[in-house]
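Residue strings, one per chain:
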Amino acid sequence: MAAPFFSTPFQPYVYQSPQAAVVPFQILGGEAQIVQIMLKPQEKVIAKPGSMCYMSGTIQIENLYLPENEGSMWNWLFGKSVTSIVLLNQGANDGFVGIAAPSLARILPIDLAMFGGELLCQPDAFLCSVNDVRVTNSVDQRARNIVAGAEVILRQKVEGQGLAFIVAGGSVVQKNLDVGEVLVVDASCIVAMTATINFQVKYSGPMRRVVFGGENLVTAVLTGPGIVFLQSLPFYRFSQRIARAVTSPSMRENPKFFIQIAIFFVLAYVMIVSSLILTDI
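From a predicted model like this one, the values you see are computed outputs, not experimental measurements.

So, how was this worked out
Residues numbered from 1 in each chain as written. Predicted model: local features only at pLDDT ≥ 70, side-chain atom pairs only at ≥ 80, totals over all residues. Heavy atoms only, no water. Pairing = 2+ DSSP bridges. Helix = DSSP H or I, 4+ residues; strand = E, 2+ residues; numbered from the N terminus. Axes fitted to C-alpha atoms, helices over the stretch in contact; angles between N-to-C directions. Buried < 20%, exposed > 50% of the residue type's maximum accessible area, 1.4 Å probe, protein only. Phe/Tyr/Trp six-rings, centres within 6.5 Å; stacked < 30°, edge-to-face > 60°.

*Asks:* Kindly report on the sheet that holds strand E4 (residues 44-47), identifying the contributing residues and their values.
*Replies:* With respect to topology, six strands assemble into an open sheet ordered E6-E7-E4-E11-E14-E9, the strand pairing being antiparallel. At either margin of the open sheet sits one strand with a lone partner, and together these are strand E6 (59-64) and strand E9 (105-111). Between one strand axis and the next, the sheet turns by 20° as a mean value, whatever way the strands run. Bridge count between E4 and strand E7 (residues 84-89): four bridges; the pairing is antiparallel. Counterpart to Val45 in the pairing with E7 is Leu87.

*Asks:* Explain the pairing of strand E11 (residues 126-130) residue by residue, including any values.
*Replies:* Remember that side chains alternate between the two faces of the sheet whenever the strand is regular. In terms of burial, E11 is largely enclosed, as five of its five residues are buried. Bridging between E4 and E11 involves three bridges; their strand directions are antiparallel. In the sheet register, Ile46 faces E11, and the bridge partner there is Ser129.

*Asks:* Outline the packing of aromatic side chains, supporting the account with residue identities and numerical values.
*Replies:* Inspection of every chain in the model, using the stated rule, returns four aromatic pairs. Ring centres of Phe25 and Phe165 lie 5.2 Å apart, and the angle between their planes is 80°; this geometry places the pair in the edge-to-face category. Here Phe25, found in strand E2 (residues 25-28), pairs with Phe165, found in strand E14 (residues 163-169); they are 140 residues apart in sequence, far enough to count as distant. Taking the relative accessible area as the measure of exposure, Phe165 reaches 0% and is therefore buried.

*Asks:* Would you mind going over the pairing of E14 in detail, with residue names and values included?
*Replies:* Where burial is concerned, most of E14 is hidden: seven out of the seven residues are buried. Alternating residues of E14 divide into Leu163, Phe165, Val167 and Gly169 and Ala164, Ile166 and Ala168, and every residue in both groups is buried. Here E9 runs beside E14; their pairing, made up of seven bridges, is antiparallel. Directly across from Ile110, in E14, lies its bridge partner Ala164.

*Asks:* Could you give me a rundown of the sheet that holds strand E5 (residues 52-55), with the residues and numbers involved?
*Replies:* Read across the open sheet, the four strands follow the order E2-E3-E8-E5; overall the sheet is antiparallel. The sheet is open, and its two borders are formed by E2 and E5, each paired with just one other strand. With direction set aside, neighbouring strand axes in the sheet form an average angle of 20°. Pairing geometry for E2 and strand E3 (residues 34-39), over four bridges, is antiparallel. Bridge pairing links Leu28 to Ile34 in E3.

Structure follows, in structure tokens:
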């Protein structure tokens, strides 16, 4: 017996482009994906530093500071790069470049002409772009939107009429919000959204729970109209779970961990007592 079919308000993302001249590209792999872009002579790709995986011999790579990076100081303060790499095809024939996702992430091709020429993204969502694309990093000045953590304080804006590639973790779904339609999501699960959506952050409980509690305590309230892309596994959540598994082993897995902690406290106690005795003398 076949399983029953249920309709869902979310749709899987499908790339579409209204432009007649579409840039030829191919996304390879399943999770840690690579986007392979074909470049005609004198065409170029702008990408994040360290994202280039391979390229043809006619491609020249150069590290440049782009003047539209308005939030470069914030990028620098949060330990992020303030430059971009430019891959230019200087040959007489077509060339290619392979841009890799920085983690276990999927690559989404976004034709900005389909989204009104502007898209708001999570920090580090932008991977690379072709043709008319500008990336700026700005801070939301509204006090109610300031949350502890750079992933919500710093926002990335992608503008233009070209083709941009962004990265997202896990499964990616798309939601088309009608006028006045409200969607509540975990703030870290938002990959990108159109600028027409009203974005507000709410705390699920007292501030002490937000600071000392677990996940899903900071939610984003989105009000349409507009389009939003959601990811099931944000990178920070994935990295936190790895860190917990590495730094918090159980006694059965690593008994030496607790022995080392006990020795540390014993030595600290001996040093404190010794210093007090020597002070009295």
